[in-house]
Amino acid sequence: MTETNDSFYLGFDLSTQQLKCLAINESLRIVHTETVAFGDELPQYETSKGVYVKGDSIQSPVSMWLEALDLLFSKFTQHGFDLSKVRAVSGSCQQHGSVYWTQKADELLRGLKSTKGSLAEQLSPEAFSRPTAPNWQDHSTGKQCHEFEDAVGGPQELARITGSRAHFRFTGTQILKIAEEEPEAYANTATVSLVSSFLASVLTGQLTSIEEAEACGMNLYDIPKREYHPKLLDLVDKDRKSIESKLKSPPIHCDKPVCLGSICSYFVDKYGFNKDCSVYPFTGDNLATICSLPLEKNDVLVSLGTSTTILLVTDQYHPSADYHLFIHPTLPNHYMGMICYCNGALARERVRDYINGSPTSDWTPFNDALNDTNLNNDDEIGVYFPLGEIVPSVPSVYKRAKFDPSTGHIKEFVDNFADDRHDAKNIVESQALSCRVRISPLLTSGVPVEGLAKDPNVRFDYDDIPLSQYYGRRPRRAFFVGGASKNDAIVNKFIQVLGATEGNYRLETPNSCALGGCYKAIWSHKIHEKQITATFDHFLGEKFPWGEVEHIRDSDDASWHHYNKKILPLSELEASLPKH
Ligand code: XUL
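Counting of residues starts from 1 at the beginning of each chain's written sequence and follows it residue by residue. pLDDT decides what is reported in this predicted model: residues at 70 or higher carry local features, side-chain atom pairs at 80 or more are listed and counted, and totals for whole chains, interfaces and linings draw on all residues regardless. Heavy atoms throughout the structure, all of them, feed into the side-chain values; hydrogens and water do not.

## A closer look at the pairing of strand β3 (residues 30-37)
Rule in force here: The rule for pairing is simple: two strands pair if DSSP sees at least two bridges between them. Labels follow the DSSP assignment, with helices taken as runs of H or I lasting at least four residues and strands as runs of E lasting at least two, numbered in each case from the N terminus.
Sheet topology note: the strand β2 (residues 18-24)/β3 ladder contains seven bridges and is antiparallel. What sits directly across from L22, in β3, is T33. Hairpin connection, β2 to β3: the antiparallel pair is bridged by five residues, and L28 has positive phi, about 70°.

## Observations regarding the domain arrangement of the protein chain
One frequent convention defines the size of an interface as the accessible area lost when the parts assemble. Applicable threshold: The domain limits used here are those given by an automatic or database domain assignment. Take the accessible area each of two parts loses on contact, using a 1.4 Å probe, and add the two losses: that sum is the buried area. Note on definitions: salt bridges are taken to be side-chain nitrogens of Lys or Arg within 4 Å of carboxyl oxygens of Asp or Glu. Residues adjacent in sequence count toward polar contacts only when both atoms are side-chain atoms; beyond that, a polar contact is any pair of N or O atoms within 3.5 Å, and within protein one must be able to donate a hydrogen and the other to accept it.
Parsing the protein chain into structural domains produces domain 1 (8-287) and domain 2 (291-507 + 549-580). Taken over C-alpha atoms, the centre of domain 1 sits 34 Å from the centre of domain 2. Across the domain 1/domain 2 interface, buried area totals approximately 1,800 Å², and carbon plus sulfur atoms make up 60% of it. Three residues, Q156, N286 and L287, lead the burial of domain 1 against domain 2; their summed loss comes to 32% of the area buried on that side. Inspection of the region where domain 1 meets domain 2 yields zero salt bridges. For the interface between domain 1 and domain 2, the tally reads eight residue pairs in polar contact (both at pLDDT 80 or more).

## Structural notes on helix α7 (residues 171-181)
Worth spelling out the cut-off: Burial classes follow relative accessibility: with a 1.4 Å probe on protein chains only, a residue under 20% of its type's maximum area counts as buried, one over 50% as exposed, and anything between as partly exposed. Note on contacts: a residue pair qualifies if any of its non-hydrogen atoms lie within 4.5 Å across the two residues.
Counting buried positions along α7 gives nine out of eleven residues, so the element sits mostly inside the fold. Lining the buried residues of α7 we find β7 (98-101), β8 (132-134), α5 (142-152), α8 (183-187), β9 (191-194) and α11 (230-236).

## Considering unusual backbone geometry
In this structure, the amide linkage connecting S124 to the following residue, P125, adopts the cis form with an omega of 0°. In this structure, the amide linkage connecting S249 to the following residue, P250, adopts the cis form with an omega of 0°. When you line up the elements, P250 lands in the loop between α12 (240-246) and β12 (261-262). The backbone of E46 sits at a positive phi, close to 50°, despite the residue not being glycine. Turning to its location among the elements, E46 is positioned in the loop between α1 (38-41) and β4 (52-54). Notably, R226 is not glycine yet its phi reads approximately 55°, a positive angle. Topologically, R226 is positioned in the loop between β10 (221-222) and β11 (227-228).

## Considering the pattern of salt bridges
A side chain with one charge can pair with a side chain of the opposite charge if their charged atoms come near. Inspection of the entire model under this criterion finds 37 salt bridges. Its salt-bridge partner being D106, residue R110 comes within 2.9 Å of it at the nearest N-O pair. Of this pair, R110 and D106 both sit in helix α3 (residues 105-110), four residues apart, roughly one helical turn. Among the residues examined, D106 registers a relative accessible area of 23% and is labelled partly exposed. Its salt-bridge partner being R400, residue D423 comes within 3.1 Å of it at the nearest N-O pair. Taken together, the positions of D423 in helix α17 (residues 421-439) and R400 in strand β20 (residues 397-403) put the pair 23 residues apart, joining distant regions of the chain. Under the relative-accessibility criterion, D423 is labelled buried at 1%.

## Focus: the UniProt feature "domain: Carbohydrate kinase FGGY N-terminal" (unreviewed entry) in the protein chain
Quick note on the threshold: UniProt positions are given in the numbering used here, feature names are shortened, and annotations may be inferred rather than shown by experiment.
Feature annotation in UniProt assigns "domain: Carbohydrate kinase FGGY N-terminal" (unreviewed entry) to the following positions: residues 135-286. In the segment residues 135-286, helix accounts for 47% and strand for 9%; the C-alpha atoms at its two ends are 15 Å apart.

## What about the site of the ligand?
The line we're drawing: If a single non-hydrogen atom of a residue is within 4 Å of a molecule or strand, that residue counts as near it. Calculation of accessible area relied on Shrake-Rupley with a 1.4 Å probe; when residues are assessed, cover is drawn exclusively from the protein chains displayed. Charged means Asp, Glu, Lys or Arg here, nonpolar means Ala, Val, Leu, Ile, Met, Phe, Trp, Tyr, Cys or Pro, and polar covers whatever is left, Gly included.
The environment of the ligand is made up of Q94, Q95, H96, W136, R169, D285, N286 and M338. Measuring from an oxygen atom of the ligand, one finds a side-chain N or O atom of D285 at 2.4 Å. Considered on its own, the ligand offers 290 Å² of accessible surface; in the complex 86% of this is hidden by protein. Taken together, the residues of the shell around the ligand sort by class into two nonpolar, four polar and two charged.

## A word on helix α15 (residues 345-356)
Stated precisely, the cut-off is as follows: One fewer than the residue count of a helix, multiplied by 1.5 Å, yields its expected span.
In this model, α15 (twelve residues) spans 16 Å end to end at C-alpha, consistent with the 16 Å of a helix rising 1.5 Å per residue. Of the surrounding elements, those touching the buried residues of α15 are β15 (300-304), β16 (308-314), α16 (364-371), β19 (380-385), α17 and α19 (488-498). Phi for G357, located one or two positions after α15, is positive at around 80°.

## So, the packing of aromatic side chains
Threshold: Between rings of Phe, Tyr and Trp, where Trp is taken as its six-membered ring, a pair exists when centres lie within 6.5 Å; planes separated by under 30 degrees are stacked, by over 60 edge-to-face, and by other angles tilted. Whether a charge sits over a ring comes down to the Lys NZ or Arg CZ being within 6 Å of the ring centre and within 35 degrees of the ring normal.
This structure, assessed with the given rule, holds 22 aromatic pairs. For the pair Y384 and Y398, a centre-to-centre distance of 6.0 Å together with 80° between the ring planes defines the contact as edge-to-face. You can see Y384 sitting in strand β19 and its partner Y398 sitting in strand β20, a full 14 residues away along the chain. According to the relative accessible area criterion, Y384 is buried, its value standing at 2%. By relative accessible area, which is 32% here, Y398 ends up partly exposed. Taking the centre distance of 5.4 Å and the plane angle of 85° together, the rings of W523 and F536 count as edge-to-face. Of this pair, W523 sits in helix α20 (residues 512-528) while F536 sits in helix α21 (residues 536-543), and the two are 13 residues apart along the sequence. For F536, a relative accessible area of 2% puts it in the buried group. One residue, K246, lies across the ring of Y186, its end atom 4.6 Å from the ring centre. The ring of W560 is capped by R436, whose NZ or CZ atom sits 3.9 Å from the centre of that ring.

## Brief notes about the packing of α16 against α17
Put simply, the rule reads: Note on definitions: angles span 0 to 180 degrees between N-to-C directions of axes, and those axes are lines fitted to C-alpha atoms, for helices only across the stretch in contact. Note on terminology: angles under 35 degrees are roughly parallel, angles over 145 are roughly antiparallel, angles of 65 to 115 are roughly perpendicular, and the others are oblique.
Between α16 and α17, the least distance of the axes is 8 Å, while the angle of their chain directions is 70°. When the interaxial angle is binned, α16 and α17 end up roughly perpendicular. Contact residues: F366, D368, A369 and L370 in α16; R421, A424, K425, I427 and V428 in α17.

## Quick word on the environment of E157
Mapping E157 onto the fold places it in helix α6 (residues 155-162). Taking the C-alpha atoms as reference points, E157 and S48, 109 residues apart in sequence, are found 37 Å from one another. Engagement of the side chain of E157 in a polar contact is seen with the side chain of R160, the distance being 2.9 Å.

## Focus on the nonpolar core
Inclusion rule: The nonpolar core is taken to be a set of buried Ala, Val, Leu, Ile, Met, Phe, Trp, Tyr and Cys residues, with the residues joined through side-chain atoms within 4.5 Å.
If you look at the biggest cluster of nonpolar residues, it comprises 128 residues, and the most contacted ones within it are L247, F480 and F494. In terms of residue count, the dominant contributor to this core is α17 (eight residues). Two domains each put at least three residues into this core: domain 1 (8-287) and domain 2 (291-507 + 549-580). Sequence-distant contacts of L247, defined by excluding residues within four places in its chain, comprise I175, V192, I210, M218, L220, Y228 and L233. Listed in part, the 55 residues of the second largest apolar core include C21, A23, W101 and C277.

And the structure:
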């Protein structure tokens, strides 16, 4: 098949509130975008922001997604986009959600016909043992989380095995809850899909297995052994064969692109797809986000939104109960680390407001304090958590301390620093420093630091690591996204503290999930068709539209070393915080 600039690749993003799809061409340029917003365009489902909320339970109607898919493709054709030129599709979906299919589902999927009505009409309700899919915002599985952690010996051990401690939203706990509370629906379930494998199944017209990177969001997958963990499977269902069959075990490994098959005839006949259009496994939205940039080992993506989220690419499997590790969807022997903080923008805004004396959105006084080199806070450390924090795992707390810069030990806790402007500098520094110390064990060790007079072990979360190790590990490149990445003062402080050695970049990412899906589709297809041999990061690095990314200032060594002195005091301060 000739591949010209007339070849397109689709990347989907099935998120909580909308289904989006981008088409890119061979040069990775976006040539078309369509979106279906569930609330506005499918109001008959009466969801609020794409979900049904009943107390702790948060679910989405599966039929709504099917209707959205038909609507999305009809928009492509109405707007004159020629879907016959699409060579391959892949995509990104909200993580952790699960779809429950009946025994009849495979037959119904294989029998999809453009003449027999819409996808929803042909599949719902018969193909589903439950009409809804638990959403990642669900927090109704507290009991099951305990059962998961108890089964293997605690949160850290569960993190060691599955990459994460137990979480309400993680799919294993969700399936267990359904098995316990809806035994009939569970018994009628022949297959459980994640949202990603659900969409891939509909597009290929047959039930597909779960993609391995996505399987790491279930608390069921043994990452070191790369198979579902028998004891955790047994917890969900005593009948091992049954649960393995429901999950369509094994998952689809990420070592090399696997083609799931061609798009099914329903889409060929109804929307004009080419019958040879290939479908590649869909992944989770965070995993797709790291595929939207040419990230290599030791590169970090810092999202400065309402919360702060760090995504990084690593070859170090160093799990922690306080963050997540997933198998990398496109780089063999690599992982994606994900660290989520609750207290990001909101916490900084509180400090901004009390410096301003009123809740205005003027950042000038805050930024001036942050940039003020005469404002000496070299012996100060503070944490500012108006919301309970995930990393470290503590309830809402503000705590300030003065330490001895020559030893790093805390001398006294104080209610306030000299004036409120100190809080501006201290909050951003401690937020950035917390990111630095948490990503440190996930980075390849750098030049060892010799000759430290004292090299005490420093503890963050559960790890005792010699202080010197924090002095030698720096990220390679840092990419800043999200609202506060536009604030130069905040971003510059993060740049100083994180100390990326090969540059800092800022970019807008309105389409990152769908774009990651597009890039996964084009690279997978080209590898599969033996047109290229390049690894995903190299393929993307060469073709990437670098013009759309702003190269901001480089980190300087002196600033980075300056923050070495605050590592020990931060660990002491965190150790003094009340625990959940
Ligand atoms: C990640 C998570 C969310 C959803 C959002 O663990 O739950 O980021 O993936 O769609």
